[in-house]
Amino acid sequence: MHGERSLYESEWMSLRLVDVELPSGARFEHHVLRLPAEASATVVHDPDRGVLLLRRHRFITDSWGWEIPGGRIDEGETPAEAAARETREETGWRPGPLRPLFSYHPAPGGLDQTFHVFAAEGAVEEGDPDVDEAERVEWVPVDRVRELIRDGEVTDGYSLTALLWFFAQS
């Protein structure tokens with residue numbers, strides 16, 4: 001990298017143009033989306049109820065789908081604290097103790113985000129979910145979650161990656 005310049009800035013993202021030189025010597029400008037905060041999510045599993053999922057509409061892709069709870073890590077929060085907070089805010093359920101599953105970069109060819117995934121065994125209902133986050137929140141039996149994945153009803157990449165990893169480890 002020989003440098004970068006800003007094309008657009010907001011509190012949510014920064015679109016940058018980066019001057020890159022490849023090992024072959026080829027040099028060009030590459031668009032990069034930089035996010036100022038990392039994100040966390042939780043696969044909440046209960047042996048009797050299944051997996052806690054949200055059904056929501058994503059206006060960017062104009063699509064409906066099932067997702068696990070997750071979101072941006074606020075300043076001063078750890079990834080685990082954010083995962084627990086997002087689960088509570090989006091679903092109305094406080095997750096049981098969290099254990100880290102993995103962290104990854106979902107699209108390193110153009111995005112610098114780091115995404116952290118946790119698992120929780122069970123949850124305690126504490127209130128109502130945020131009405132702006134989901135059309136509905138449900139405990140979905142594990143076999144049904146597998147069907148949703150197979151049938152293309154889990155299209156959110158973060159959720160799909162987390163669920164597949166979780167099932168592979170189960």
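Residues numbered from 1 in each chain as written. Predicted model: local features only at pLDDT ≥ 70, side-chain atom pairs only at ≥ 80, totals over all residues. Heavy atoms only, no water.

J.: Break down the packing of aromatic side chains for me, with residues and values.
T.: Under the defined criterion, the tally for this structure stands at six aromatic pairs. Judged by centre distance (5.4 Å) and plane angle (35°), the rings of F102 and Y104 are tilted. The ring of W139 carries R49 above its face, with NZ or CZ at 4.4 Å from the centroid. The cationic tip of R72 hangs over the ring face of W12; the distance from NZ or CZ to the ring centre is 4.3 Å. (Phe/Tyr/Trp six-rings, centres within 6.5 Å; stacked < 30°, edge-to-face > 60°. Lys NZ or Arg CZ within 6 Å of the ring centre and 35° of its normal.)

J.: Describe the sheet that holds strand β1 (residues 3–9), listing the residues and the values that go with them.
T.: In spatial order, the strands read β1-β2-β3; together these three strands make up an open sheet with antiparallel pairing. Of all the strands in the sheet, just β1 and β3 (27–34) have a single pairing partner and so form its edges. When strand polarity is set aside, the average angle formed by the axes of neighbouring strands in this sheet is 25°. As judged from the eight bridges shared by strand β2 (residues 14–21) and β3, these two strands associate in the antiparallel manner. Each bridged residue has a counterpart across the sheet, and for V18 the counterpart in β3 is H30. (Pairing = 2+ DSSP bridges. Helix = DSSP H or I, 4+ residues; strand = E, 2+ residues; numbered from the N terminus. Axes fitted to C-alpha atoms, helices over the stretch in contact; angles between N-to-C directions.)

J.: Please set out helix α3 (residues 157–169) residue by residue, giving values where relevant.
T.: In this model, α3 (13 residues) spans 18 Å end to end at C-alpha, consistent with the 18 Å of a helix rising 1.5 Å per residue. Contacts from the buried residues of α3 go to β4 (39–46), β5 (50–58), β6 (63–67), β9 (98–104), β10 (115–121) and α2 (142–150). (Expected span 1.5 Å × (residues − 1). Contact = heavy atoms within 4.5 Å.)

J.: Lay out the side chain of D19 in plain terms, naming residues and giving numbers.
T.: Here D19 shows up in strand β2. A polar atom in the side chain of D19 sits 2.5 Å from the side chain of R27. Sequence-distant contacts of D19, defined by excluding residues within four places in its chain, comprise M1, H2, G3, R27 and F28. (Polar contact = N/O pair within 3.5 Å; in protein donor to acceptor, adjacent residues only side chain to side chain.)

None of the figures reported here should be taken as evidence of function without further support.
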